[in-house]
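Next come the chains, spelled out residue by residue.
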Amino acid sequence: MQRGTRERRRLAVIRILVVLTTVTAVDYIVWRWFESVNWAAWWIAVPLVAVETYSVVDCLLFGITVWRLRERPAPPPPPADATVDVFITTYNEPVDLVMTTATAAVAITHPHRTWILDDGARDEMRAAAEAAGVGYVTRSGDWAGHSRHAKAGNLNNALAATDGEFILILDADQVPEPEILDRTLGYFADPEVALVQTPQFFVNVPDEDPWAARRRCSTAPSSRARTAGTPRSSAARTPSCAARR
């Protein structure tokens, strides 16, 4: 079966599920409000049905979001001359945790420079970065007396200290795969694309985890749906992404 046909069938199944969920949920919530509320104990009954209504609305909004769900095609090869700075943001996370991410970042196959952005200005973090041959950036005295703006300020400070055409932003515990830049930079061949978000996986849970925490987390479906129908890659709810400077 061709990929296009498979994706159309998958989308059709999703839309059928959305319609069935909508009909069932609306029918249920109408029955709850008009038939089952115990008005004699309204101070308990009304908040309960209000919470159920909120849950139904949230579910329906998600259904609207995934209505246009689609898979993006593989990107073209990344430009060989693209310059990239990999930023690892940290404040007070354990040094060994940050260095696990930094070691993986150094191993990224596409040519790049790796930087640890230490908003905690820790001597032990600086020493570990220098020992690993990783760049180290912290705030200068120019920030004294000004709002620091947390992670955003940390990133802005690093942008002023580096010059790569593209940046890859990682949290302290987000360990990248070696091919991450090979699989994202090609999307920037489209001049309308300014940001590319990648899925994330939990790795510190057992394979038999019943909650499926090893699967793609957070926003994989909604991110693909938000950018359907437009060339812009504009979804950025999770903290890691590749971006054009």
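Only a predicted model underlies this, so the values are computations on that prediction, with no experimental measurement involved.

The next point concerns the environment of Arg-122. Among the structural elements, Arg-122 can be located in the loop between strand S2 (113–118) and helix H4 (123–132). The class of Arg-122 is buried, set by a relative accessible area of 13%. Separated by 30 residues in sequence, Arg-122 and Asn-92 have C-alpha atoms that sit 8.5 Å apart. Apart from the residues within four sequence positions on either side, Arg-122 is in contact with Thr-90, Tyr-91, Asn-92, Glu-93, Val-95 and Tyr-136. Among the polar contacts listed, one links the side chain of Arg-122 to the side chain of Thr-90, at a separation of 3.0 Å.

A few words now on the packing of aromatic side chains. For the structure on display, the rule yields three aromatic pairs. With a centroid separation of 6.0 Å and 40° between ring planes, the pair formed by Tyr-28 and Trp-31 is classed as tilted. Taken as a pair, Tyr-28 and Trp-31 lie in helix H1 (residues 3–36) at a separation of three residues, close to a single helical turn. Centroid distance Trp-42 to Trp-43: 6.2 Å. Interplanar angle 85°. Geometry classified as edge-to-face.

Of all six residues in S2, five are buried, a share of seventy percent or more. As paired elements, strand S1 (residues 84–90) and S2 share six bridges and run parallel to each other. Paired with Ile-88 across the strands is Ile-116, a residue of S2. What joins S1 to S2 is helix H3 (residues 95–106), and the crossover it makes is right-handed. Sheet topology note: the S2/strand S3 (residues 135–137) ladder contains three bridges and is parallel. Within the sheet, the bridge partner assigned to Ile-116 lies in S3 and is Tyr-136. Traced from S2 through H4 to S3, the parallel crossover comes out right-handed.

Working definition: two side chains of opposite charge can pair if their charged atoms are close together. Inspection of the entire model under this criterion finds seven salt bridges. Close ionic contact of Asp-85 with Arg-113 constitutes a salt bridge, the shortest N to O distance being 2.9 Å. Of this pair, Asp-85 sits in strand S1 while Arg-113 sits in strand S2, and the two are 28 residues apart along the sequence. When its relative accessible area of 36% is taken as the criterion, Arg-113 is described as partly exposed. Here Asp-171 ties to Lys-151 by a salt bridge, and the two come within 2.7 Å at their closest N and O atoms. Residue Asp-171 is located in strand S4 (residues 166–171), and its partner Lys-151 is located in helix H5 (residues 150–161); the two are separated by 20 residues in the primary sequence. Judged by its relative accessible area of 30%, Lys-151 falls in the partly exposed class.

What counts, and at which threshold
- Residues numbered from 1 in each chain as written.
- Predicted model: local features only at pLDDT ≥ 70, side-chain atom pairs only at ≥ 80, totals over all residues.
- Heavy atoms only, no water.
- Helix = DSSP H or I, 4+ residues; strand = E, 2+ residues; numbered from the N terminus.
- Buried < 20%, exposed > 50% of the residue type's maximum accessible area, 1.4 Å probe, protein only.
- Contact = heavy atoms within 4.5 Å.
- Polar contact = N/O pair within 3.5 Å; in protein donor to acceptor, adjacent residues only side chain to side chain.
- Phe/Tyr/Trp six-rings, centres within 6.5 Å; stacked < 30°, edge-to-face > 60°.
- Pairing = 2+ DSSP bridges.
- Right-handed = clockwise from strand over helix to strand, strands pointing away.
- Salt bridge = Lys/Arg side-chain N within 4 Å of Asp/Glu carboxyl O.

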